[in-house]
Amino acid sequence: MKRLFIDSDIFVRDLRYPRDSLTENNRRFLDKVRAKKIHGCTSIFNLLEVCGILSYNLSPTDLFDLYAGFTQEYPVQILFPADSTGNLQYDIPTIFSQVQRKNSLGDAQIAYVVERFTDHLSGFITWNVKHFEGKLPIPVKCPNEL
């Protein structure tokens, strides 16, 4: 079964910006994920990015709870670029080639994971379509386009 890759901004908007103008559409999308009408995934790099952004407003305990309980709050698969033994694969030349395509390090790491799992993905969901459009091997859409 193919999954939709969900970018960090979807989770951050839900957790940190409840009064944002896009919150209603964002919540509607995440409600479909929670109801398992949409099969979602994200990467370990996205999860760490969400935790990093929220670290300024959370206690160390709350931050750990967010990290440890993330997949209970958001029933998504966390993609981890690993070899057959489970060891992290971090291919610096491949990630740097993404940076050369005008990606920040965070976006380059995410693109690296997306490329590794392309066969299992049907699309990439983000509010920052311009950051990823034309840089990923799968369609890039906003949550309200689904």
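Attention in this report is confined to the structure presented alongside it. (Residues numbered from 1 in each chain as written. Predicted model: local features only at pLDDT ≥ 70, side-chain atom pairs only at ≥ 80, totals over all residues. Heavy atoms only, no water.)

Quick word on the overall build of the protein
Keep this limit in mind: Numbering of helices and strands runs from the N terminus; a helix is a DSSP stretch of H or I covering at least four residues, while a strand is a stretch of E covering at least two. Here the globule rule is a power law, 2.2 Å times the number of residues to the power 0.38, and the radius of gyration is based on C-alpha atoms. The buried label applies to any residue whose accessible area, calculated with a 1.4 Å probe on protein chains only, is under 20% of its type's maximum; exposed applies above 50%, and partly exposed to all values in between. Contacts: residue pairs with any heavy atoms within 4.5 Å of one another. Asp and Glu are treated as the negative residues and Lys and Arg as the positive ones, with His and the ends of the chain left uncounted. All charge positions are set by atom: Lys at NZ, Arg at CZ, Asp at CG, Glu at CD.
Along the backbone of the protein there are seven helices and five strands. If you list the helices and strands of the protein from N to C, you get β-α-α-β-α-α-β-α-α-β-α-β. Here the protein has a C-alpha radius of gyration of 15 Å; the compact-globule value for 146 residues is 15 Å, and the two agree. Principal-axis analysis of the C-alpha atoms gives the protein an extent of 40 × 35 × 30 Å. For the protein, the proportion of its 146 residues judged to be buried stands at 42%. When contacts within the protein are restricted to residue pairs at least 6 apart in sequence, those whose partners lie at least 24 apart make up 61%. Here the protein carries 17 positive and 17 negative side-chain charges, and the mean point of each set is 5 Å from the other.

Focus: the sheet that holds strand β5 (residues 140-141)
Short version of the rule: At least two DSSP bridges between two strands are needed for those strands to be called paired. Every axis in this analysis is a line fitted to C-alpha atoms, fitted for helices over the stretch in contact. Angles between the N-to-C directions lie between 0 and 180 degrees.
With respect to topology, five strands assemble into an open sheet ordered β3-β2-β1-β4-β5, the strand pairing being parallel. Single-partner strands in this sheet number two, and they are β3 (76-79) and β5. With four bridges joining them, strand β2 (residues 40-43) and β3 adopt parallel strand pairing. Following the sheet pairing, Thr42 is matched in β3 by Ile78. Across the sheet, helix α1 (residues 8-16) lies against β1 (3-6), β2, β3 and β4 (121-125), angled at about 65° from β1, the strand it touches most.

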